[in-house]
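# Report on the structure
The primary structure of each chain is shown beneath.
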Amino acid sequence: MADLSTLGRRIRHFRSKAGLTLEEVGQITGTAPSQLSMIENGHREPRLSLLEALAAALDVTTSDLLDGEPPSARAALEIELEKAQASPAYRELGLPILRPTRAMSDAMLKTLVGLHRELDRRARMSIATPEEARRANTQHRADMRERNNHLPEIEAIAEQATKAVRHTTGALTHRAVAQIAQQVGLTIVHTDDLPHSARAVVDREHGRIYIPPASIPGGHGLRSLALQAVANKMLGHKEPVDYADFLRQRLEASYFAAACLMPRAASVEFLERAKRNRNIAIEDFRDTFGVTHEGAALRFTNLATHYLGITLHYLRVDGDGSVVGAYENDGLPLPQDATGSTEGEVVCRHWSARQAFARTTRTSEHYQYTDTPVGTFFESTQTGIGTNSEFSITLGVPYAESKWFRGRETHRREVSTCPDARCCRRPDDGLTERWRGQGWASPKVRTHLFAPLPQGTYPGVDDRELYEFLETHAHD
């Protein structure tokens, strides 16, 4: 099926071929010429009944109008130029949008489109090394956005697991986690000599889950690690065939662990009560179920849209401002590279995720409203210290949804015009010329968050070290 740009151009093509004006088609279909113009320019989607009326007026079929192919070579160039100028890479330049006109020659259009193709190729070449992983992660985030970050099939499996150990609410005990592991024939063993690149190891032959004796810095609690290992067996995970498969398995395992630690029924009841009281707070959700702030925020994204009707966004950002993890279904304009990937990109310095680092007292959440080109968002941010650096966890919602949340009375407000580079990534007018050639900085090199798939079976895990570990412990 055609997108709106292609559909509009096909309608215009057949109208011109029929020798009809907008006014004449409007009289036949009973539609205002201004509305027809918006449809032809790809700014409005016509109802099916209007499409059928247009097809009849132009003496073509509805299928002719809905065909996904541009109606002409020129139309194909115009559509490609339009899409190129809508890309994050072009918007970042802050240049005006150039609309093709009848006076613009085909040769000029080909030149402009060719330039955009080359710019896009060079942008992609600069991130070619981790491209597979970044592409997979981008597609994964888009898929979860379509599902509102909610996986009912895993919710049901987790619900069965927790009911079997009679856990319904509150903090899930380590003993209950061990009982859940026993349901699938696994025993939890604590050891301090795990492979340095592994958070946990499952010995399927002997039915053991090896985890460290203490929580890993950065929020990886022992209960969550054990439950993720259980999930791999309970969900029938096999050796990942590529990075996308690995990412899917990691997501499903983490989702299962969160659904066990914060059971659906109890979590929804708690959140619905907080919404009725207009007092939703991630810190309360966190404390009620004895989990990390990040775990509570992520679990909230699983449930908020499906059960509470609240769209939202989530961000984990390192102290240098780069995105570690992100999710949104509320339209927040996340930073993106040329491939559409967000991980590793730097968020606007005016967003709550970075403003929270400037506070001297960080024991409580940071609340603020942020004005963006697509609207105003209310955000709450909690900072923490990870293995190597500080980080922030942000949960945000559109302004209209702020009425349900604690902290909405805050007077903190920031204005962001990102992705326009003039917002916070380019110096004020005159400063570039003033200091050109006079200053020299040694930059920090920001490593890519997702490396390409290693040669081994499990991304990021040293196979030799893993197998030596299993061999050593097989006879314990």
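Given the structure is predicted, the values throughout are model-derived calculations rather than measurements. As a convention, each chain's residues are numbered from 1 in the sequence order in which they are written. Reporting of local features is limited, given that this is a predicted model, to residues whose pLDDT is at least 70; pairs of side-chain atoms are given and counted only at 80 or more, and all residues count toward the totals for whole chains, interfaces and linings. To obtain the side-chain values, all non-hydrogen atoms of the structure were used and water was disregarded.

## With respect to the overall build of the protein
- Counting its secondary structure elements, the protein contains 19 helices and 9 strands.
- Residue exposure (1.4 Å probe, protein chains only): buried if accessible area is under 20% of the type maximum, exposed if over 50%, otherwise partly exposed. For the protein, the proportion of its 476 residues judged to be buried stands at 46%.
- Residue contacts are defined here by distance: any two heavy atoms, one from each residue, within 4.5 Å place the two residues in contact. A separation of at least 24 residues holds for 61% of the contacts in the protein among residues at least 6 apart in sequence.
- As displayed, the protein has an accessible area near 24800 Å², and 51% of this comes from carbon and sulfur atoms. Segments assigned H or I by DSSP are reported as helices when at least four residues long, segments assigned E as strands when at least two residues long, and all are numbered from the N terminus. Using a 1.4 Å probe, accessible areas were evaluated by the Shrake-Rupley method; residue-level cover was limited to the displayed protein chains.

## Overview of helix α13 (residues 243–261)
- End to end, α13 covers 27 Å across 19 residues, agreeing with the expected 27 Å (1.5 Å per residue, within 8%).
- In terms of burial, α13 is a largely internal element, 14 of the 19 residues being buried. Each helix should span, by expectation, one fewer than its residue count multiplied by 1.5 Å.

## Some details on unusual backbone geometry
- The omega angle of the peptide bond from Cys 418 to Pro 419 is 15 degrees, so this bond is cis rather than trans.
- Checked against the element boundaries, Pro 419 lands in the loop between β9 (413–415) and α18 (431–435).
- Its identity as a non-glycine residue notwithstanding, Asn 148 has a phi of 55 degrees, on the positive side.
- Inspection of the secondary structure assignment puts Asn 148 in the loop between α9 (131–146) and α10 (152–164).
- Relative accessible area serves as the criterion here: at 28%, Asn 148 is assigned to the partly exposed category.
- Non-glycine residue Asn 149 carries a positive phi angle of around 60 degrees.
- Within the element layout of this structure, Asn 149 appears in the loop between α9 and α10.

## Side note on the nonpolar core
- What is meant by a nonpolar core is a set of buried Ala, Val, Leu, Ile, Met, Phe, Trp, Tyr and Cys residues, joined one to another through side-chain atoms within 4.5 Å. The biggest cluster of nonpolar side chains holds 60 residues, and the ones touching the most others in it are Leu 227, Phe 256, Phe 300 and Phe 405.
- Among the elements that take part in this core, α13 stands out by supplying 8 residues, more than any other.
- Counting 15 residues, the second largest nonpolar core, distinct from the first, contains Ile 11, Leu 20, Val 25 and Val 60.

## Overview of the environment of Phe 377
- Take Phe 377: it is sitting in strand β7 (residues 375–385).
- Remark: the alpha-carbon pair of Phe 377 and Leu 332, spanning 45 residues in sequence, is separated by 8.1 Å.
- What Phe 377 contacts, discounting residues up to four positions off in sequence, is His 313, Asp 330, Gly 331, Leu 332, Gln 368, Tyr 369, Thr 370, Thr 372, Val 397, Pro 398 and Tyr 399.

## Description of the pattern of salt bridges
- Every case where a carboxyl oxygen of Asp or Glu lies within 4 Å of a side-chain nitrogen of Lys or Arg is listed as a salt bridge. Throughout the structure, instances matching the rule amount to 21 salt bridges.
- A salt bridge links Glu 40 to Arg 12; the shortest N-O distance between them is 3.4 Å. Placement of Glu 40 in helix α3 (residues 33–40) and of Arg 12 in helix α1 (residues 4–18) is noted, with a sequence separation of 28 residues between them.
- Given a relative accessible area of 26%, Arg 12 falls into the partly exposed group.
- The salt bridge partner of Glu 153 is Arg 147, with a shortest N-O separation of 3.2 Å.
- Exposure remark for Glu 153: the relative accessible area of 39% places this residue in the partly exposed category.

## A look at the sheet that holds strand β8 (residues 390–398)
- Note on pairing: DSSP must find at least two bridges between two strands before they are called paired. Here we have 6 strands laid out as an open sheet, ordered β5-β4-β8-β7-β6-β9, and mixed in their pairing. Of all the strands in the sheet, just β5 (323–328) and β9 have a single pairing partner and so form its edges. In this sheet, neighbouring strand axes are inclined to one another by 25 degrees on average, regardless of whether the strands run parallel or antiparallel.
- The pairing of strand β4 (residues 313–318) with β8 spans 6 bridges and is classified as antiparallel. Working convention: axes come from line fits to C-alpha atoms, limited for helices to the stretch in contact. Angles between N-to-C directions cover 0 to 180 degrees.

## Topic: the packing of α1 against helix α4 (residues 48–58)
- Contact geometry of α1 with α4 gives a least axis separation of 9 Å together with a crossing angle of 25 degrees. Of the possible angle classes, the one that applies to α1 and α4 is roughly parallel. The handedness of the crossing between α1 and α4 is left-handed. Contacts from Leu 7, Ile 11, Phe 14, Arg 15 and Ala 18 in α1 reach Leu 51, Leu 54 and Leu 58 in α4.
- Split into classes, the residues belonging to the contact of α1 with α4 amount to 7 nonpolar, no polar and 1 charged. Angular relationships are summarised with four words: roughly parallel below 35 degrees, roughly antiparallel beyond 145, roughly perpendicular across 65 to 115, and oblique for the angles in between. Here a crossing is taken to be left-handed if its near helix is turned anticlockwise relative to the far helix by less than a right angle, and right-handed if that turn runs clockwise. Throughout, the ten residues Ala, Val, Leu, Ile, Met, Phe, Trp, Tyr, Cys and Pro are labelled nonpolar, Asp, Glu, Lys and Arg are labelled charged, and all others, Gly among them, are labelled polar.

## Here's the deal with the confidence of the model for the protein
- How sure the predictor is of each residue is captured by pLDDT, a score from 0 to 100. Of all residues in the protein, 87% have pLDDT values of 70 or greater, and the mean over the chain is 86.
- For the stretch residues 447–455, pLDDT sits under 50, and the model shows 22 contacts to residues farther than four places along the chain or on other chains.

## Focus on the packing of aromatic side chains
- Pairing of aromatic rings covers Phe, Tyr and Trp, the last through its six-membered ring, and needs centres within 6.5 Å; plane angles under 30 degrees mean stacked, over 60 mean edge-to-face, and all others mean tilted. Enumeration according to the criterion identifies 8 aromatic pairs in this entry.
- Geometrically, the ring pair formed by Phe 270 and Phe 285 is stacked, given 5.9 Å between the ring centres and 20 degrees between the ring planes. You can see Phe 270 sitting in helix α14 (residues 264–276) and its partner Phe 285 sitting in helix α15 (residues 282–289), a full 15 residues away along the chain.
- Here Phe 270 falls in the buried class, since its relative accessible area comes to 15%.
- Under the relative-accessibility criterion, Phe 285 is labelled buried at 0%.

## Some points on the pairing of β8
- Taking burial as the measure, the 9 residues of β8 include 8 buried ones, the bulk of the element.
- Sheet analysis places β7 next to β8, joined by 9 bridges and oriented antiparallel. In the strand pairing of β8, Ile 385 is matched with Glu 390.
- Taking the residues between adjacent antiparallel strands as the criterion, β7 and β8 are bridged by 4 residues.

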